[in-house]
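Read off the chains here:
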Amino acid sequence: MRFAYVNGRFFPHGEASIHVEDRGFQFADAVYEVWSVRKGELMDADGHFARLERSLGELRITAPRSRAALEHIIGELLRRNRIRNGLVYLQISRGQARRDHAFPKQAVTPTIVLTCKRLDLAAADARAQCGIAVITVPDQRWARCDIKTVNLLPNVLAKQAAHEAGAVEAWQVDRDGRVTEGSSTNAWIVTKAGKLVTRQADQGILHGITRARIIKCAQDVGLEIEERGFTPQEAYEAREAFLTSATSFVTPVVLIDNHIIANGEPGSLTLSLRQAYLGEA
Ligand code: PLP
């Protein structure tokens, strides 16, 4: 049986619920965080907890649990669900209150939800061996994509467009014609000159924890990194392309808007960064 955690208790997954006037449901007034779990351990735990704290702070939601308490609950959730390799999802909303856009006048208790699911590592590896296709779409999101909120409708529509086009991910393009990031991943290219390029971590993208780790892995082996937006045209002509996230680690991209990248095979630098990331985990 699967279990979920809601507001202090574990429930069978199908019986777990939140109130109809929860502000997360009514207004997307909530943040979330995702950890991947390998061999029973949270990957990049510090980075994800730090980002959670920042997201809560930006929305002025008081953390309902300490990091130590959250780690304890996550451990118990993984144990009950018998998961050693998978993903843990945490949502924290401002809480439940009579519907009104402004924050509740009387402070309410934040809602906390934790769920987890198993990850098929063999399938993820197989995907990385072949590489994936992405399409580009206009970035239709709000101006604070650096806060990890559950306000994901534009991301949902972008991912759906990708799937309908036979691709795995959608790279979003801003008004200046530059790629910001994927719908649930950060976007990267390797130029013909061998430079790693990924969008600067401003308010236009989520500051990926995997992105930060890959920057460090790349610096450790002396690679040159440019943090700037790149155009779809630059990506079509790149030597390599890939994406990063806690859920997909480092995944090679071999097709962008039907343009074959280099020889259509995953790039060697991409695969070595994937290996470095997973090896260090
Ligand atoms: N960009 C977006 C929009 C995301 O939703 C995610 C992950 O959920 C990422 C990037 C990758 O972030 P991380 O590496 O922390 O998983």
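Before any of the text, the structure's been laid out above.
Calculation criteria
Residues numbered from 1 in each chain as written. Predicted model: local features only at pLDDT ≥ 70, side-chain atom pairs only at ≥ 80, totals over all residues. Heavy atoms only, no water. Helix = DSSP H or I, 4+ residues; strand = E, 2+ residues; numbered from the N terminus. Rg over C-alpha atoms; globule rule 2.2 N^0.38 Å. Buried < 20%, exposed > 50% of the residue type's maximum accessible area, 1.4 Å probe, protein only. Contact = heavy atoms within 4.5 Å. Lys, Arg positive; Asp, Glu negative; His and termini not counted. Charge placed at Lys NZ, Arg CZ, Asp CG, Glu CD. Axes fitted to C-alpha atoms, helices over the stretch in contact; angles between N-to-C directions. Parallel < 35°, antiparallel > 145°, perpendicular 65-115°, else oblique. Left-handed = near helix turned anticlockwise from the far one by under 90°. Nonpolar A, V, L, I, M, F, W, Y, C, P; charged D, E, K, R; others polar. Phe/Tyr/Trp six-rings, centres within 6.5 Å; stacked < 30°, edge-to-face > 60°. Lys NZ or Arg CZ within 6 Å of the ring centre and 35° of its normal. Salt bridge = Lys/Arg side-chain N within 4 Å of Asp/Glu carboxyl O.

Asks: Would you explain the overall build of the protein chain in this entry?
Replies: Per the secondary structure count, the protein chain includes eight helices and 15 strands. For the protein chain, whose C-alpha radius of gyration is 19 Å, the value lies close to the compact-globule estimate of 19 Å for 281 residues. When each of the 281 residues of the protein chain is scored for burial, the buried share is 49%. Excluding contacts between residues fewer than 6 apart, the proportion of contacts in the protein chain whose partners are at least 24 apart in sequence is 70%. Once the 36 positive and 33 negative side-chain charges of the protein chain are each reduced to a mean point, those two points are 5 Å apart.

Asks: So what exactly am I meant to see when it comes to the packing of helix 2 (residues 45–58) against helix 3 (residues 67–80) here?
Replies: A pair of packed helices is characterised by two quantities: the angle between their axes and the separation of those axes. Packing of helix 2 against helix 3 brings their axes to within 12 Å, and their N-to-C directions diverge by 120°. The angle between helix 2 and helix 3 places the two elements in the oblique class. Considering the relative orientation of helix 2 and helix 3, their crossing is right-handed. Counting all contacts with helix 2, which are made through Ala45, Asp46, Phe49 and Leu52, the residues of helix 3 involved are Arg67, Leu70, Glu71 and Ile74. Its residues assigned to classes, the contact of helix 2 with helix 3 comprises five nonpolar, no polar and three charged.

Asks: I'm lost on the packing of aromatic side chains in this one. Help?
Replies: All chains considered together, the criterion is met by five aromatic pairs. Between Tyr5 and Phe10 the ring centres are 5.2 Å apart and the planes differ by 65°, which places this aromatic pair in the edge-to-face class. You can call Tyr5 buried: its relative accessible area is 4%. Centroid distance Trp35 to Phe49: 4.9 Å. Interplanar angle 50°. Geometry classified as tilted. Of this pair, Trp35 sits in strand 3 (residues 30–38) while Phe49 is found in helix 2, placing the two residues 14 residues apart along the sequence. Note on accessibility: Trp35 and Phe49 belong to one class, buried. A cation over an aromatic ring shows up here: Arg38 above the ring of Phe249, its NZ or CZ 6.0 Å from the ring centre. Cation over ring: Arg80 sits above Phe3, and NZ or CZ is 5.8 Å from the ring centre.

Asks: So what exactly am I meant to see when it comes to the pattern of salt bridges here?
Replies: Note that side chains of opposite charge can pair when their charged atoms are close. The full count for this structure, using the stated rule, is 23 salt bridges. Across the pair Arg54 and Asp146 runs a salt bridge, and its minimum N-O distance is 2.8 Å. With a gap of 92 residues between them, Arg54 in helix 2 and Asp146 in the loop between strand 7 (132–138) and helix 5 (153–164) connect regions that are remote in the sequence. Take Arg54: its relative accessible area is 34%, and that puts it in the partly exposed class. In this structure Asp146 comes out as buried when scored by relative accessible area, which is 2%. With a closest N to O distance of 2.8 Å, Arg199 and Asp174 form a salt bridge. With Arg199 in the loop between strand 11 (196–198) and helix 6 (209–220) and Asp174 in the loop between strand 8 (169–173) and strand 9 (179–182), this residue pair connects regions lying 25 residues apart in the sequence. Pair check on accessibility: Arg199 and Asp174 agree, each one buried.

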